[in-house]
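# Secondary and tertiary structure notes
Given next are the chains, with one letter for each unit.
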Amino acid sequence: MQLCANQCLYLLQLRYSFLLSISTYNKMWAEAQEALNGLLQRETEDKSLKPQKDRITVFQTLATFYIKYVQIFCNLETVYDQIVHPQKRLVIRQVLEGVMGRILELKNEMVELENSEFHYFDDILQDLKLSPEHIEIPIPRYFIKEKLKVLREREKILAQILINSGLQDIKPVSIPWVPVIQISERARQGRLRATFMKQIYLEEKRERQARLQGVKGPNLDAAALRIQKVWRGFTQWKKTVKMREEEMIFLGMNPPPQFQRISASVARAQNVETKRCEVQGRHETEYEKALVSIKTHLREMEGPDIKESLQDQIRQWFIECRHITGKFPDYPNEEEGGSTAIFSQKTPDQEEEEGWKMAPSNFLPIMEEGNNQYKDVWQNRDERWNFPQEYDPELIKEKKRKEVEEEIRVQVDELMRQELKNLKLAVDREKEKKPKKGKKGGKKVSAARNGKPALSHLLSPCFLPAGEYSYLGTTLRQVDIEPMPSLTDVRQLIALYGILPLGSQAVHEKAPLVKALLLAGPTGVGKKMLVHALCTETGANLFNLSASNIAGKYPGKSGLQMMLHMVFKVAKQLQPSVIWIGDAEKTFYKKVPKSEKEMEPKRLKKNLPKILKSLKAEDRVLVVGTTQRPFDADLRPFCRVYKKILLIPRPDYASRFVLWKHIILQNGGAVTKSLNISCLAKVSDGFTQGHIVYAVQTVLSERRLRQMTNKPLTAAEFLSSLARQDPVYKEEEETYKVWFAKTPLGKARARALMEGEEVGKGKGKDKGKKKGGKKGKKKKK
């Protein structure tokens, strides 16, 4: 009985928590849709306004839209991941992809306006009372979840291929062994402990004998007071230290304590996440089966009535046209839409409207459709009957009824065309008996044929690195100083130009197309890691076409063409795919070094631009080049291939502070008070992420990790391994800046700044002339 009561209580708690979860995420969805509705109304209103000439005002408008869309994107992504109702998820997915595409469009507008890939919103965030975390681009979790089975199967196949080809050995099964050294060490410690306890026993025995012989002992009251005083001081000190530690953790100055064991709440959350994924999959399967069964049921039960109704409507149209024109009309063919064209009318909303300064959007109609569907169906829908959040059969009937009607309409069109043909033949026979009326009728035939084009007008128109945000970007740009982008800015661009388009087919087809991306920067800044993170977050396949990797393979012109054809064909078939070209400058060398002539690094120079032209919007294939010496390449053909160039700098102080903590924790270390992270971040100025990783991995050996409980880490331990490496000097960083200033985007940025300065000087001269003119007139008088 007690067991049954506990089970009932558990089920009631589960039901209550599930209801809370449903209401919470429904509320979050409603808030996101409300915010989206406000943005859509504002964008519609802005279309009717006159184009704005002030560049700063235009950027502020675009940036505000961008920030608000990113907030909506974060909320919708969370809602889509948590909700289990299959029909709700379809609507959310449509709006979510529309919002992602709109963010990419706004980013493209800002790049064209500012002539820079990096933008800073610190002033706008301050006005909106938001933190930088609110504009972090989230990676949708469904990118990996929906293709998890495919990825696992692919891993098994690739592992088997590597084993068969001898490139990977089968890992031997580890057999547990008896730790003899450990047993001996424990025995030695036991002997030492026994000796120590014996000494304590002998000392206590001597004290007892001294008391029995009459030696006066200490004052017990004074001793008790002293012990009490010391103990109270110690306990108060411990409480103060604990309160100070909690305060520093709350303020974010110290990291939270690391727990070796997973807490019960975390384990429960992981269990709930697993069950939610199972429920989502089960509901999706049931929904897909219901689509087929309900459609079949509708065709059987309502099909005859739909067919009869359509025939009656079309016959009525025959009669009305004959009554008006005196002649039966021509039936629209399949290309014109058949009988659909008869009853469709063009509404004023379908007329083209001229846009404002912003380019027309491909995603606004998608978002508006999803928003209207939410308003019409889900906003005020009563779902108290649907506790398990399964599919709604009435909604499926409404959707499938239209499909059944369209299928029956095609059959009805064939029947009614034949019926109309028979009617015309019957009328023509009567006209042959009355030839005089036929001439008048002949004129009316031309009128009916002249009405055919008018009928056609009635047709309805068809994993990423850690980093810190740059808080002074806007301030520096206001005083004409170009700030160095932070690692967070680079991470955002990788998400926008790579992860979101590769992860979603709908976004890739309609968003501004990016075919090739170049990551340039000194050694160790994480270019290769960003390529791997791009593949990990999207589940993309990676193809290596670096000059060193293809050297000696598929020789000759025909062999090269065959290799590229195979690589890109497989990449399209297994999309999303990333084509990685390491040391991309070698493909476009100005002059090939003697030591690399045998490698033929310029093999891809002629063929690569042609292949990029063949990539279409539906091909989720991205070419990513990485280079640490871009200035060795011939700039013009280099920039024709890589139109998106991201210059990755060495990390600044804030990013280094985050990196040191993250990398130490990632390698098993612990951040304590004795480890001065701020000192490490300051000392490592000029060093890259790769240098920091090498220093941490060198220090945190297995032996040092075992000693960490008794001997905490200090900053001095990392300095020797850091000093053995060469940093990135300012002269090298300036070389990258000078090279980037010669690229098309760099030239456009410099030209825009020069024009801005000239406009400012011109305004100053005009004011001076006006003042000088007035003075001159006074002198003449």
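Being a predicted model, the structure only gives us computed values, none of them experimental. (Residues numbered from 1 in each chain as written. Predicted model: local features only at pLDDT ≥ 70, side-chain atom pairs only at ≥ 80, totals over all residues. Heavy atoms only, no water.)

Right, let's get into the confidence of the model for the protein chain. The share of residues in the protein chain with pLDDT of 70 or more is 80%, and the mean pLDDT across the chain is 79. Across the protein chain, element-level confidence peaks in strand β4 (residues 621–627) with a mean pLDDT of 93 and bottoms out in helix α14 (residues 435–456) with 38. Per-residue pLDDT stays below 50 along residues 436–462; that stretch engages in 18 contacts with residues further than four places along the chain or on separate chains. Throughout residues 770–781 the model reports pLDDT below 50, and contacts reaching past four residues in sequence, or to other chains, amount to zero contacts. (pLDDT = per-residue confidence, 0-100. Helix = DSSP H or I, 4+ residues; strand = E, 2+ residues; numbered from the N terminus. Contact = heavy atoms within 4.5 Å.)

This next bit is on the pattern of salt bridges. With the rule as written, the count across this model stands at 31 salt bridges. Glu-407 serves as the salt-bridge partner of Arg-299, at 3.0 Å between the closest nitrogen and oxygen. Taken together, the residues span a long stretch of sequence, with Arg-299 in helix α9 (residues 264–301) and Glu-407 in helix α13 (residues 393–433) at a distance of 108 residues. Judged by its relative accessible area of 37%, Arg-299 is partly exposed. Look at Glu-407 and you get partly exposed, because its relative accessible area is 32%. Among the ionic pairs, Arg-656 bridges to Asp-685, the shortest N-O distance being 3.4 Å. Of this pair, Arg-656 sits in helix α23 (residues 653–666) while Asp-685 sits in the loop between α24 (677–683) and α25 (689–699), and the two are 29 residues apart along the sequence. For Arg-656, a relative accessible area of 4% translates into the label buried. Judged by relative accessible area, which is 47%, Asp-685 ranks as partly exposed. It is possible to trace a salt-bridge network through shared partners that takes in Glu-77, Asp-81, Arg-141, Lys-145, Glu-273 and Arg-276. (Salt bridge = Lys/Arg side-chain N within 4 Å of Asp/Glu carboxyl O. Buried < 20%, exposed > 50% of the residue type's maximum accessible area, 1.4 Å probe, protein only.)

This brings us to the pairing of strand β2 (residues 541–544). Residues Asn-541 and Phe-543 of β2 are buried on one face, while the alternating residues Leu-542 and Asn-544, pointing to the opposite face, are not. Relative to strand β3 (residues 577–582), β2 is paired through four bridges, and the arrangement is parallel. Across the sheet, the residue bridging to Phe-543 is Ile-579, located in β3. (Pairing = 2+ DSSP bridges.)

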